[in-house]
Amino acid sequence: MKDTKNTSGDRMARSRYAELKQMLDTRRREIQAEVQGKMRDVREEGTWGGKLNEVLDAVESSEADIQEDIEFALIQMKSETLNKINDALVRLEHGNYGYCFDCAEEIAQKRLRALPFAVRCKDCEEAREIAEQRQRQLTARRGASSLFLDM
Ligand SMILES: [Zn+2]
């Protein structure tokens, strides 16, 4: 295991690292298997031809291909999730995955299991949502023109 700055040899932090890594690895394997399974199905059906690698073709395809497009979109979504998981694993290696963006406290593992890409702890996320709501109300009251003047 690589040395990570934030763990500083602490046993709790190390077990947290191991658990988060396992959680992300498991999720990555699951999604990889799903994507590979879907791509295999599609190839076996032989209906897609060379479209898998050509997003634009899928977009331009006829209405009869809508079902295929949905499948394609699903695969794309899952691929994006895979990218996020890979990012999270890189951040975990660098010791900056699972920490709150606002207060720098550890995000609860329970929360990360439910939301692996959460960047804030529950408290900060709630505070942020309330702040955003207030901001929206203020903006609505002030109107768009004065908002531009403030900038
Ligand atoms: Zn926080």
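Residues numbered from 1 in each chain as written. Predicted model: local features only at pLDDT ≥ 70, side-chain atom pairs only at ≥ 80, totals over all residues. Heavy atoms only, no water.

Draft legend 1. Representation of the confidence of the model for the chain in the model. Per-chain confidence: the chain averages 81 in pLDDT, with 71% of residues scoring 70 or above. Low pLDDT, under 50, characterises residues 1-8; the stretch is placed with 12 contacts to residues that sit more than four places away or in other chains. (pLDDT = per-residue confidence, 0-100. Contact = heavy atoms within 4.5 Å.)

Draft legend 2. Spotlight on helix 3 (residues 66-93). Its 28 residues place the ends of helix 3 40 Å apart at the C-alpha level, agreeing with the 40 Å of an ideal helix rising 1.5 Å per residue. Taken together, the buried positions of helix 3 are Glu68, Phe72, Ile75, Leu82, Ile85, Ala88, Leu89 and Leu92. (Helix = DSSP H or I, 4+ residues; strand = E, 2+ residues; numbered from the N terminus. Expected span 1.5 Å × (residues − 1). Buried < 20%, exposed > 50% of the residue type's maximum accessible area, 1.4 Å probe, protein only.)

Draft legend 3. Quick look at the environment of Asp25. Along the chain, Asp25 falls in helix 1 (residues 11-45). Of the residues examined, Asp25 reaches a relative accessible area of 18% and is grouped as buried. Sequence separation of Asp25 and Asn86 is 61 residues, and the distance between their C-alpha atoms is 9.0 Å.

Draft legend 4. Quick peek at the side chain of Arg111. Here Arg111 is to be found in helix 4 (residues 109-114). With near-sequence residues (within four places) excluded, Arg111 lies in contact with Ala118, Arg120, Cys121, Lys122 and Glu125.

Draft legend 5. Main features of unusual backbone geometry. The backbone phi angle of Ala104 is positive, close to 65 degrees, even though this residue is not glycine. Inspection of the secondary structure puts Ala104 in the loop between helix 3 and helix 4.

Draft legend 6. Representation of the packing of aromatic side chains in the model. Under the counting rule described, the total for this entry stands at 0 aromatic pairs. Against the face of Tyr99 rests Arg16, its NZ or CZ located 5.8 Å from the ring centre. (Phe/Tyr/Trp six-rings, centres within 6.5 Å; stacked < 30°, edge-to-face > 60°. Lys NZ or Arg CZ within 6 Å of the ring centre and 35° of its normal.)

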